[in-house]
Amino acid sequence: MLGAIIGDIVGSRWEFNPTNNYNFELFSDQNSFTDDTICTIAVADALLHDSDDFGQYIHKWCRMYPNPMGGYGGRFAKWVMSDNPQPYGSYGNGSAMRVSPIGWWGSDDFAEKAAKSAACTHNHEEGIKGAQAVAWAIVEARELKKIYGEHLTEDIILQNGFRHSVSIYEESPNSFKIDLSEYRNKFDETCQGTVPVALWIVLHSKSFEDAIRQAVSLGADADTLGAIAGSIAEPLWGIPKWMKEKALLYLPDKMKDIIRDFQEKTGCNSD
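Note that this is a predicted model, so its numbers are computed, not measured. (Residues numbered from 1 in each chain as written. Predicted model: local features only at pLDDT ≥ 70, side-chain atom pairs only at ≥ 80, totals over all residues. Heavy atoms only, no water.)

Let's talk about the overall build of the protein
Counting its regular elements, the protein contains 15 helices and zero strands. In summary, the protein has a C-alpha radius of gyration of 17 Å against a globular reference of 18 Å for 271 residues, a match within 12%. With the principal axes as the frame, the protein shows a C-alpha extent of 50 × 40 × 35 Å. Buried positions account for 58% of the 271 residues belonging to the protein. Of the contacts formed within the protein by residues at least 6 apart in sequence, a portion of 74% connects residues at least 24 apart. Seen as two clouds, the 25 positive and the 38 negative side-chain charges of the protein have centres 2 Å apart. (Helix = DSSP H or I, 4+ residues; strand = E, 2+ residues; numbered from the N terminus. Rg over C-alpha atoms; globule rule 2.2 N^0.38 Å. Buried < 20%, exposed > 50% of the residue type's maximum accessible area, 1.4 Å probe, protein only. Contact = heavy atoms within 4.5 Å. Lys, Arg positive; Asp, Glu negative; His and termini not counted. Charge placed at Lys NZ, Arg CZ, Asp CG, Glu CD.)

With respect to helix α3 (residues 54–64)
Within α3, burial applies to F54, G55, Y57, I58, H59, W61 and C62. Residues of α3 that are buried sit in contact with α2 (35–48), α4 (74–81), α6 (100–105), α7 (110–119) and α15 (253–266).

Topic: the pattern of salt bridges
Enumeration according to the criterion identifies 15 salt bridges in this entry. A salt bridge links E245 to K241; the shortest N-O distance between them is 3.9 Å. With E245 and K241 both in helix α14 (residues 241–248), this residue pair falls four residues apart, about one helical turn. The partner of R260 in a salt bridge is D257, and the shortest N-O contact between them spans 3.1 Å. Within this pair, R260 and its partner D257 are both found in helix α15, separated by three residues, close to a single helical turn. On the accessibility criterion, D257 (33% relative accessible area) is partly exposed. Through salt bridges with shared partners, a single network forms among D52, D109, E112, K113 and K116. (Salt bridge = Lys/Arg side-chain N within 4 Å of Asp/Glu carboxyl O.)

Focus on the nonpolar core
Core analysis: the largest hydrophobic core is formed by 93 residues, its most contacted members being I6, I58, F76, F162, I232 and L236. Excluding residues within four positions of it along the chain, I232 makes contact with V134, A137, I138, A141, F162, L199 and V202. (Core = buried A, V, L, I, M, F, W, Y, C linked by side-chain atoms within 4.5 Å.)

Concerning the side chain of T266
Within the secondary structure, T266 is located in helix α15. Of note is the side chain of T266, whose polar atom sits 2.8 Å from the backbone oxygen of F262. Excluding residues that lie within four positions of it along the chain, T266 makes contacts with W104 and W105. (Polar contact = N/O pair within 3.5 Å; in protein donor to acceptor, adjacent residues only side chain to side chain.)

Things to note about the packing of aromatic side chains
Taken as a whole, this structure holds eleven aromatic pairs when the rule is applied. Centre to centre, the rings of F33 and Y65 are 5.9 Å apart; their planes meet at 90°, and the pair counts as edge-to-face. Taken together, the positions of F33 in the loop between α1 (2–12) and α2 and Y65 in the loop between α3 and α4 put the pair 32 residues apart, joining distant regions of the chain. On the basis of relative accessibility, which here comes to 11%, the residue F33 falls in the buried class. On the numbers, 5.5 Å between centres and 75° between planes, the contact of F176 with W200 is edge-to-face. Remark: W200 occurs in helix α11 (residues 195–203) and F176 occurs in the loop between α10 (163–167) and α11; sequence separation between them is 24 residues. (Phe/Tyr/Trp six-rings, centres within 6.5 Å; stacked < 30°, edge-to-face > 60°.)

Structural notes on the layout of surface pockets
There is about 450 Å³ of room inside the largest pocket. Around the largest pocket, the lining is made up of 27 residues, and of these D35, G73, F76, N93 and E189 lie nearest the centre. The set of elements that each furnish at least two residues to the lining of the largest pocket consists of α2, α4, α5 (94–97) and α13 (222–237). Counted by class, the lining of the largest pocket contains eight nonpolar, eleven polar and eight charged residues. (1 Å grid on protein atoms, 1.4 Å probe; cavity = no way out; pocket = protein on both sides within 12 Å on 5 of 7 lines; lining within 4 Å. Points joined across faces, edges and corners; volume = space filled by probe spheres on them. Nonpolar A, V, L, I, M, F, W, Y, C, P; charged D, E, K, R; others polar.)

In short, geometric facts, not functional conclusions.
Here it is in structure tokens:
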């Protein structure tokens, strides 16, 4: 979960000011958390309360932070402001950027929970598929890490792949291919235009930081692509301690409390 938050914070500076410089500055006074982090925290909070009413918690947390860096998307902003919020058929990547806590929760019905976390707003088939693909990728990444431990390499990741998550977008994982040049400097807010790209980036990563840098320097939807790639890269590579400590400085205490409680509950304090 913290991987998504770090990817969001690192990418926030570049969401509307894209960079293709792989060696960009990770943290600065121009970075902050965005709606991606708020919604991720909300999903974690729902899980901590054993609730499948993800919409209630997302609505509550977004109202607590009505003006995050970058704001909320148009239809989602109306959903937040509504006193009777209803799903609106979105296939935006918002469903995929907030789902990571479900991948760490450890329940067998994670795919169903991922669908529910999406459907309160993003009830379009592609919105649900995006959330489920990311949840599957996190679960598969955790399994790879469990099997290979410190011996996990980029080659092993490529050989094994994220078969369930990739199969959501491809008939055969062996046919999965992304040409990143086709996505460079193109702002795409859809699940189908973001999630496969994040999967490809992480499959070709060699560390958590490398995955984040690749995602953000693509010059696309930097904070959300960073959040999705970061959420998948976290269980594979772990997060350097200094990056955790730095990112937490950007968060209010209420969010840090949820992260702490979630880590204690799940043991997902990845190193």
